[in-house]
Protein chains: 2
Amino acid sequence: MPIPILRSDRNSKKELDRFLSGAKEDLSSATAKILPILEAVRTRGDKALIEYTEKFDGIQLHSVSLDPHSIQTDLNQNVKEAFLRAKSNIEAFHEAQRRESWSRTIDGNRLGVKYTPIPSLSVYAPGGKALYPSSVLMGVIPAKIAGVKNIQLITPPQKEGLPDILVWLCQILEVNRIVTVGGAQGIAAGAYGTESIPKSEFIVGPGNAYVAAAKSYLAGQGIIGIDSPAGPSEVCIIADSSANPKWIACDMLSQAEHGEDSSAILLTTEEDFAKEVSEELEKAFVARPKRLEMKQNSIYKNSAILVFPSIEDCIWFSNELAPEHLEIQTKDNESVFSKIEHAGSVFIGPYSPVAMGDYISGTNHILPTARGSRIYSSLGVDTFLKRVTFQEVTKESLQTLYPFVKLMSELEGLDEEHGTSVKVRTEESL
Amino acid sequence: MPIPILRSDRNSKKELDRFLSGAKEDLSSATAKILPILEAVRTRGDKALIEYTEKFDGIQLHSVSLDPHSIQTDLNQNVKEAFLRAKSNIEAFHEAQRRESWSRTIDGNRLGVKYTPIPSLSVYAPGGKALYPSSVLMGVIPAKIAGVKNIQLITPPQKEGLPDILVWLCQILEVNRIVTVGGAQGIAAGAYGTESIPKSEFIVGPGNAYVAAAKSYLAGQGIIGIDSPAGPSEVCIIADSSANPKWIACDMLSQAEHGEDSSAILLTTEEDFAKEVSEELEKAFVARPKRLEMKQNSIYKNSAILVFPSIEDCIWFSNELAPEHLEIQTKDNESVFSKIEHAGSVFIGPYSPVAMGDYISGTNHILPTARGSRIYSSLGVDTFLKRVTFQEVTKESLQTLYPFVKLMSELEGLDEEHGTSVKVRTEESL
């Protein structure tokens, strides 16, 4: 049972719609379960956190909040060097995203934008098998560069103690505290605050369905801001026979490795090349059998190779799909990339597998999924900055513009007070 | 019954919390009512739109979508000039917000950000008494400058035909079509599309509770992106006795004119000045009795004058409040403004009443309310742009960085495929 190879064109609506459903995870049953947890944490604070942690994690907490610098860590020097190299690249890429406040004169008045950081942030890091320390770099660094002053990590406690890598990252990133409470109760602690945990007004980072449901519910209530909801990981690859089919197969499998819901979609114009990639996938299943069933489910059920009549059609479909990750490995990558409108992060050329961006190139790996990149961006410095607009109007300009304000406010039925607030300044001196 | 004048300081928690509740409109009953409407429009398209419009608006629609250029308008030349002046200033301010795509070399690789516009936008404009043509400028202009190609206006039909001003604005702003359906059914038409209305992936603009509930529900489902929910209008004013108390009173009343839920909060250090403003409010109620009860309810019930011990305390409270509009009228406006972190739009100096920004200075008047500016921005070009990040990794850099990727992916249990996708490129040539 090889991966489906489908001949497609812009009219194969039924066939393509399957990939365009942009299905979001249904969080309604998780939401029903977390509501009492949120309420308990909101009203009973630390006590509720300690009870839920005993119930769900089987761990008796002495404290729900730790200073990272109070914890000894013992990490291999090579691991440290790897994360420091990643940190340095992620910092360089996000430093380039800094914003300068500006002002200019428009119609006689000084107008401008002042960029200011959000006040506080929690970054959630899942525990157990889904330990992704790289996501801590991706969540914290852009916020630090934006100037967010209060940053805490929320992560489930572990029987054997917190992983050294998480603690060490919090130390070098100067994270203010680690909240050792996982799941919906951890998110509630971040959103509402407790006796020993300050509330934060923004929460980012991946987690299970309960974490996602809690974030989404609290954001809907206007209590916190969140990153875009994280769905299954996806890659779209636009490639032709100038690419190495074995490498393409590896890249597809590195998405499949995330879970059977993940998808890898290859868009090409060459059927022979499609077949070569399909064969390489089969060889890889033999050569690297770890998590085989999961990878096969992802590839056979949620992935596909689509053969389009032209590269323009491939680009068209990629823009419809708005993939989380897009790889371009063709004879003319720049031409293809110039036509890309919607994608989370783009990986150009043969030496840019997604794994490079996942870990070390410097781009952010917290990206919109499920077609979200048609309207949303990856996590970046802008995620944590706001534009405060401002204006200083001169007396002359106010006098010149008053007749216009008068007409406009009359039309909107707001002339009595809006109009007067301008008029009074034309008539009197300060 | 004058406006409450309250002596406050950073410890008057109970008193101040009242202004910090950031209460959002409860949309749950409106949401229950709109769900069947959304479903009907999704499944039955134009037919449902025509039925609901007959039912709710008492109007028999021949067509649910109009080309603005197909409609004759007759508008006073002076009104046109006023809106053209506003348009020109709003365009100038938002042109300054354009983003240039960029790339730079980081650790040997080309990394960058490409800015691309969202694919499509609907701007909702309420009808009837709440006709705010200025909001059409504010919604459409930033999207046009961002490069959004497909922009439609959604607005309720009127028995006497669409207002000339709305149609004319759509003509000069080159809006692609006018959808003449209001309420939740109009929002559903924009979000799902129908036989004669293309779907749009983003919807902005103010509306009643049903419009707000529909936008919020559809955004929660991941079907559309929206601007931040619009609550009652608010102004916070930091002023001292260098300001004209009559002008301050006018500015407070121009918020009150929006509705009795609106609030105007004056922060000052001088009790005498507070009393002068209070007296000016009373005089204004006599002098300008239009909408008196509404204005008085807003001022007496939802507004206040808070007298703090120092200007630093005033600034502290303003940042806690994160007001939609902030006016600064003090002896040293620049010093105060330099400490402002959270506000939607700031109006600096004696000649910058909020009405100038509402209509004509050039800043956007679609702003976060209910403390939203602690984490969100006003509408701007960035609202309609996404950052597509990209990287092109060199063979040399991939070889140098592979050992780091190997260690990091091992730590995350993703070395088999993530690690291999990099390793294979170090071993073979293309």
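This is a predicted model, so every value here is computed, not measured.

Peer 1: I'm lost on the UniProt feature "active site" (unreviewed entry) in chain A in this one. Help?
Peer 2: All names here are of chain A. Look at the UniProt record and you will see "active site" (unreviewed entry) annotated at Glu 324 and His 325. Relative to the elements of secondary structure, Glu 324 occurs in the loop between α11 (311–321) and β13 (325–329). If we ignore the near neighbours within four places in the chain, the residues touching Glu 324 are Pro 232, Ser 233, Glu 234, Gly 344, Ser 345, Leu 367, Pro 368 and Thr 369. A polar side-chain atom of Glu 324 sits 3.2 Å from a polar atom in the side chain of Ser 233. By the secondary structure assignment, His 325 is in strand β13.

Peer 1: Would you explain the side chain of B:Glu201 in this entry?
Peer 2: When you line up the elements, B:Glu201 lands in the loop between α6 (183–192) and β8 (202–204). Residue classification places B:Glu201 among the buried residues on the basis of a relative accessible area of 14%. Here B:Glu201 is in contact with A:Arg374, A:Ile375, B:Pro119, B:Ser120, B:Ile224 and B:Gly225, once residues within four sequence places are set aside.

Peer 1: What is the right way to look at α11(A) in this model?
Peer 2: Every α-helix carries 3.6 residues per turn, so stepping three or four residues along brings you back to the same face. All names here are of chain A. Turning to α11, its buried residues number three or more, namely Asp 313, Cys 314, Ile 315, Phe 317, Ser 318, Asn 319 and Leu 321. Against α1 (13–17), β10 (234–239), β11 (263–268), β12 (304–307), β13 and α12 (333–338) lie the buried residues of α11. Note on α11: the residue one or two positions beyond its end, Ala 322, has a positive phi of about 50°.

Peer 1: Is there a simple way to explain the interface of chain B and chain A in this structure?
Peer 2: In this assembly, 128 residues from chain B lie in contact with 128 residues from chain A. Taken over both partners, the interface formed by chain B and chain A buries close to 11,700 Å², and the fraction arising from carbon and sulfur atoms is 58%. Among the residues of chain B in contact with chain A, B:Tyr351, B:Arg387 and B:Arg425 are the three that bury the most area, contributing 7% of the side total. Summed over the shared surface of chain B and chain A, the number is 20 salt bridges. The salt bridge involving B:Glu428 is made with A:Lys246; its shortest N-O contact spans 2.8 Å. The interface formed by chain B and chain A contains 78 residue pairs in polar contact (both at pLDDT 80 or more). Here the residues of the side of chain B that touches chain A are counted per class, giving 58 nonpolar, 38 polar and 32 charged. Here strand β15 (residues 385–392) of chain A runs beside strand β14 (residues 345–348) of chain B; their pairing, made up of three bridges, is parallel.

Peer 1: What is the right way to look at the domain arrangement of chain A in this model?
Peer 2: Accessible area lost upon the coming together of the parts serves often as the stated size of an interface. What the domain assignment reports for chain A is domain 1 (5–24 + 232–361), domain 2 (28–226) and domain 3 (395–427). Computed over C-alpha atoms, the centres of domain 2 of chain A and domain 3 of chain A are 47 Å apart.

Peer 1: Teacher, can you tell me more about helix α15 (residues 415–427) of chain A here?
Peer 2: Maximum bend of α15(A): about 35°, positioned at A:Ser421. Considered for burial, the residues of α15(A) that qualify are A:Glu416, A:Glu417, A:His418, A:Gly419, A:Thr420, A:Ser421, A:Val422, A:Val424 and A:Arg425. Here the buried face of α15(A) lies against α14 (395–411) of chain A together with α8 (245–256), α10 (292–302), β13 (325–329) and α13 (354–359) of chain B.

Peer 1: So what exactly am I meant to see when it comes to a negative patch on the surface here?
Peer 2: A cluster of like negative charges, contributed by A:Glu25, A:Asp26, A:Glu260, A:Asp261 and A:Glu293, occupies part of the molecular surface. Among the structural elements, A:Glu25 can be located in the loop between α1 and α2 (28–57).

Peer 1: Would you take a moment to explain the sheet that holds strand β15 (residues 385–392) of chain B for this structure?
Peer 2: Think of a sheet as strands paired side by side through backbone hydrogen bonds, with each pair either parallel or antiparallel. The strand order across the open sheet formed by nine strands is β1(A)-β12(A)-β11(A)-β10(A)-β13(A)-β14(A)-β15(B)-β4(B)-β3(B), and the pairing between neighbours is mixed. Of all the strands in the sheet, the pair left with one neighbour each is β1 (5–7) of chain A together with β3 (102–106) of chain B. Averaged over all adjacent pairs, the angle separating strand axes in this sheet is 20°, with direction ignored. Examined bridge by bridge, β3(B) and strand β4 (residues 109–117) of chain B share five bridges and lie antiparallel to one another. The partner of B:Ser103 across the bridge, within β4(B), is B:Gly112. Contacting β1, β10, β11 and β12 of chain A, helix α9 (residues 271–287) of chain A runs over the sheet at an angle of about 170° to β12(A).

Peer 1: What is the right way to look at the UniProt feature "binding site: substrate" (unreviewed entry) in chain A in this model?
Peer 2: All names here are of chain A. Sequence positions flagged by UniProt for "binding site: substrate" (unreviewed entry) are, in local numbering, Ser 233, Gln 255, His 258, His 325, Asp 358, Glu 412 and His 418. Annotated residues spanning 186 residues; largest pairwise C-alpha distance 56.6 Å, indicating distribution over more than one region. One can find Gln 255 in helix α8 (residues 245–256). Residue Gln 255 is classed as buried on the basis of its relative accessible area of 0%. The contact partners of Gln 255, leaving out residues within four places of it in the chain, are Ser 233, Glu 234, Val 235, Ser 262, Ser 263, His 325 and Val 354.

Peer 1: Just to check I follow, could you spell out the pairing of strand β10 (residues 234–239) of chain B for this structure?
Peer 2: In summary, the side chains of a regular strand alternate between the two faces of the sheet. Residue and element names in this part refer to chain B. Judged by how many residues are buried, β10 sits mostly within the fold: six of six residues are covered. Residues of β10 alternate between two faces, with Glu 234, Cys 236 and Ile 238 on one and Val 235, Ile 237 and Ala 239 on the opposite face, all of them buried. Inspection of the sheet shows β10 paired to strand β11 (residues 263–268) by five bridges, in the parallel sense. Counted as the bridge partner of Ile 238 is Leu 267 from β11. Handedness of the crossover is the feature at issue here: the chain leaves β10, passes through α8, returns alongside β11, and the resulting connection is right-handed. Here five bridges tie β10 to β13, and the two strands are oriented parallel to one another. Considered in β13, the bridge of Ile 238 is made with Ile 328.

Peer 1: Could you clarify how one ought to interpret the packing of aromatic side chains in this entry?
Peer 2: Each aromatic ring pair is described using two quantities: the centre-to-centre distance and the angle formed by the ring planes. Within this structure, the stated rule accounts for 18 aromatic pairs over all chains. For the ring pair A:Phe285 and A:Tyr300, a centre distance of 5.7 Å and an interplane angle of 70° mean the geometry is edge-to-face. Of this pair, A:Phe285 sits in helix α9 while A:Tyr300 is found in helix α10 (residues 292–302), placing the two residues 15 residues apart along the sequence. Taking relative accessible area as the criterion, A:Phe285 reaches 4% and is therefore assigned buried. Here the aromatic rings of A:Phe308 and A:Phe317 are separated by 5.7 Å at their centres, their planes lie at 35°, and the arrangement is tilted. Since its relative accessible area comes to 2%, A:Phe308 is described here as buried. A residue is classified by how much of its surface remains accessible, and A:Phe317, at 0% relative accessible area, is buried. The structure contains a cluster of three or more aromatic residues connected by ring pairs, namely A:Phe308, A:Trp316 and A:Phe317. We note A:Lys114 situated over the ring of B:Phe337; from NZ or CZ to the ring centre the distance is 4.4 Å.

Peer 1: Can you help me understand the relation of the copies chain B and chain A in this one?
Peer 2: Between the two copies of the chain lies a relationship made up of a rotation around an axis and a movement along it. It takes a turn of 180° to lay chain B on chain A, together with a shift of 0.0 Å along the axis; the resulting RMSD is 0.0 Å. Both copies are brought into coincidence by an operation consistent with a two-fold rotation axis. Closest to the rotation axis within chain B is the C-alpha of B:Gly220, separated from it by 3.6 Å.

Peer 1: Please clarify how the sheet that holds strand β5 (residues 120–124) of chain B should be interpreted in this entry.
Peer 2: Residues and elements named next belong to chain B. The six strands lie next to each other as β2-β7-β6-β5-β8-β9, forming an open sheet whose pairing is mixed. Lying at the two open borders of the sheet, with one neighbouring strand each, are β2 (65–66) and β9 (225–226). Pairing of strand β6 (residues 150–154) with strand β7 (residues 177–179), which is carried by three bridges, proceeds in the parallel orientation. For Leu 153, the partnering residue across the bridge sits in β7 and is Ile 178.

Definitions and limits used
- Counting of residues starts from 1 at the beginning of each chain's written sequence and follows it residue by residue.
- The lettering of chains begins at A and the numbering of ligands begins at 1, in the order of writing.
- Note on the predicted model: pLDDT of at least 70 is required for a residue's local features to be given, and 80 or more for side-chain atom pairs to be given and counted; whole-chain, interface and lining totals, by contrast, use all residues.
- Side-chain calculation: all heavy atoms of the structure are included, whereas hydrogens and water are not.
- UniProt positions are given in the numbering used here, feature names are shortened, and annotations may be inferred rather than shown by experiment.
- By the criteria applied, helices consist of DSSP H or I runs no shorter than four residues and strands consist of E runs no shorter than two, each listed in order from the N terminus.
- The contact criterion used is simple: two residues touch if any of their non-hydrogen atoms lie within 4.5 Å.
- Whenever two N or O atoms come within 3.5 Å, that pair is a polar contact, provided that in protein one can donate a hydrogen and the other can accept it, and provided that, for residues adjacent in sequence, both atoms are side-chain atoms.
- Only protein chains enter the calculation, and the probe is 1.4 Å; a residue is then buried if its accessible area is under 20% of its type maximum, exposed if over 50%, and partly exposed in between.
- Summed over both partners, buried area is the accessible surface (1.4 Å probe) that two parts give up on being assembled.
- One speaks of a salt bridge when a side-chain nitrogen belonging to Lys or Arg is within 4 Å of a carboxyl oxygen belonging to Asp or Glu.
- For this classification, Asp, Glu, Lys and Arg are treated as charged, while Ala, Val, Leu, Ile, Met, Phe, Trp, Tyr, Cys and Pro are nonpolar and the rest, including Gly, are polar.
- One bridge is not enough; two strands pair if DSSP finds at least two bridges between them.
- Delimitation of the domains relies on an automatic or database domain assignment.
- We define the bend at any residue as the angle between the axes fitted to the seven residues before and including it, ending there, and the seven starting there.
- A patch consists of residues whose relative accessible area exceeds 30% and which take part in no salt bridge; residues with like charges are grouped when within 9 Å of each other, and nonpolar side chains (Val, Leu, Ile, Met, Phe, Trp, Tyr) when within 5 Å.
- Surface accessibility in these figures is a Shrake-Rupley result with a 1.4 Å probe; residues are shielded only by whichever protein chains are displayed.
- The sign given to each residue is positive for Lys and Arg and negative for Asp and Glu; His and the chain ends receive no count.
- Here the site of a charge means atom NZ of a Lys, CZ of an Arg, CG of an Asp or CD of a Glu.
- Orientation is described by lines fitted to C-alpha atoms, with helices fitted over the stretch in contact, and by angles between N-to-C directions that extend from 0 to 180 degrees.
- Looking down the strands as they point away from the viewer, one classifies a crossover as right-handed if the path from the first strand across the helix to the second runs clockwise.
- Aromatic pairs are defined between Phe, Tyr and Trp rings, using the six-membered ring for Trp, whenever the two ring centres lie within 6.5 Å; interplanar angles under 30 degrees are classed as stacked, those over 60 as edge-to-face, and all others as tilted.
- Charges are assigned to positions over rings by a cutoff of 6 Å between ring centre and Lys NZ or Arg CZ, combined with an angular limit of 35 degrees from the ring normal.
- Residues below a pLDDT of 70 in either copy are left out; the C-alpha atoms of the rest, at least 70 in both, set the least-squares superposition of the copies.

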